[in-house]
Amino acid sequence: MSRRQYLEWKKARLIRQIQQQRLDLADNRQQWLEKTERIDRGYQTLFGMRKYLVIGSSIMAVYGIRHPSKLIRWSRRALGAWGTIKLIRKTFTAK
């Protein structure tokens, strides 16, 4: 096989490999979108509440400076309630 034929053969092989990779990506696209849908929805929700989070965090910072013990107490209560809600959701939505 001459050098030119070898290079043409190698080029054809690489083109076939690229085509196969594109087909594999197209097949896995839907699966990827399904797996990341929950994260995307959470990000969109968080991004939509951005201005409220900025205002809320500013108020909490001022309140925390004036009443640090109350802020810590309410933070613990909020985290405890959140954990309880997650536990209840997991328990009742088990498959």
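See the structure above.
From a predicted model like this one, the values you see are computed outputs, not experimental measurements.

### Description of the overall build of the protein chain
At step 1: In terms of helices and strands, the protein chain carries three helices and zero strands.
At step 2: In the protein chain, the succession of helices and strands from N to C terminus is α-α-α.
At step 3: For 95 residues, the compact-globule formula gives about 12 Å, and the C-alpha radius of gyration of the protein chain, at 27 Å, lies well above that figure.
At step 4: For the protein chain, the spread of C-alpha atoms along the principal axes amounts to about 85 × 35 × 20 Å.
At step 5: Total accessible area on the protein chain is roughly 9600 Å²; 61% of this is exposed by carbon and sulfur atoms.
At step 6: With 22 positive and 6 negative side-chain charges, the protein chain shows a spacing of 16 Å between the two charge centroids.

### With respect to the pattern of salt bridges
At step 1: If you walk through the whole model with that rule in mind, you get one salt bridge.
At step 2: For the salt bridge of Arg-4 with Glu-8, the shortest nitrogen-to-oxygen distance reads 3.6 Å. Here Glu-8 and Arg-4 lie together in helix 1 (residues 3-48), a separation of four residues that amounts to about one turn.
At step 3: Of the residues examined, Glu-8 reaches a relative accessible area of 49% and is grouped as partly exposed.

### Observations regarding the packing of aromatic side chains
At step 1: Across all of its chains, the model carries two aromatic pairs by this definition.
At step 2: Seen from their ring centres, Tyr-6 and Trp-9 are 6.0 Å apart, and the 35 degrees between their planes marks the pair as tilted. In this pair, Tyr-6 and Trp-9 are both assigned in helix 1, three residues apart and thus about one turn of the helix distant.
At step 3: The partly exposed category is assigned to Trp-9, whose relative accessible area is 42%.
At step 4: A ring pair is formed by Tyr-43 and Phe-47, whose centres lie 6.0 Å apart and whose planes are at 20 degrees; its orientation type is stacked. One end of the pair, Tyr-43, and the other, Phe-47, are both in helix 1, four residues apart, so they sit about a helical turn from each other.
At step 5: Its end group placed over the ring of Trp-74, Arg-77 keeps NZ or CZ at 4.8 Å from the ring centre.
At step 6: Residue placement shows Lys-86 over the ring face of Trp-82; its charged tip is 5.0 Å from the ring centre.

### As for the layout of surface pockets
At step 1: Estimated volume of the largest pocket: approximately 150 Å³.
At step 2: What lines the largest pocket is simply Trp-82, Ile-85, Lys-86, Arg-89 and Lys-90.

### Things to note about a positive patch on the surface
At step 1: A cluster of basic side chains, namely Arg-3, Lys-10, Arg-13 and Arg-16, defines a positive patch on the protein surface.
At step 2: Accessibility expressed as a relative area gives 48% for Arg-16, which makes it partly exposed.

Definitions and limits used
- Residues numbered from 1 in each chain as written.
- Predicted model: local features only at pLDDT ≥ 70, side-chain atom pairs only at ≥ 80, totals over all residues.
- Heavy atoms only, no water.
- Helix = DSSP H or I, 4+ residues; strand = E, 2+ residues; numbered from the N terminus.
- Rg over C-alpha atoms; globule rule 2.2 N^0.38 Å.
- Areas by Shrake-Rupley, 256 points an atom, 1.4 Å probe, with all protein chains shown as cover.
- Lys, Arg positive; Asp, Glu negative; His and termini not counted.
- Charge placed at Lys NZ, Arg CZ, Asp CG, Glu CD.
- Salt bridge = Lys/Arg side-chain N within 4 Å of Asp/Glu carboxyl O.
- Buried < 20%, exposed > 50% of the residue type's maximum accessible area, 1.4 Å probe, protein only.
- Phe/Tyr/Trp six-rings, centres within 6.5 Å; stacked < 30°, edge-to-face > 60°.
- Lys NZ or Arg CZ within 6 Å of the ring centre and 35° of its normal.
- 1 Å grid on protein atoms, 1.4 Å probe; cavity = no way out; pocket = protein on both sides within 12 Å on 5 of 7 lines; lining within 4 Å.
- Points joined across faces, edges and corners; volume = space filled by probe spheres on them.
- Patch = residues over 30% accessible without salt bridge, like charges linked within 9 Å, V, L, I, M, F, W, Y side chains within 5 Å.

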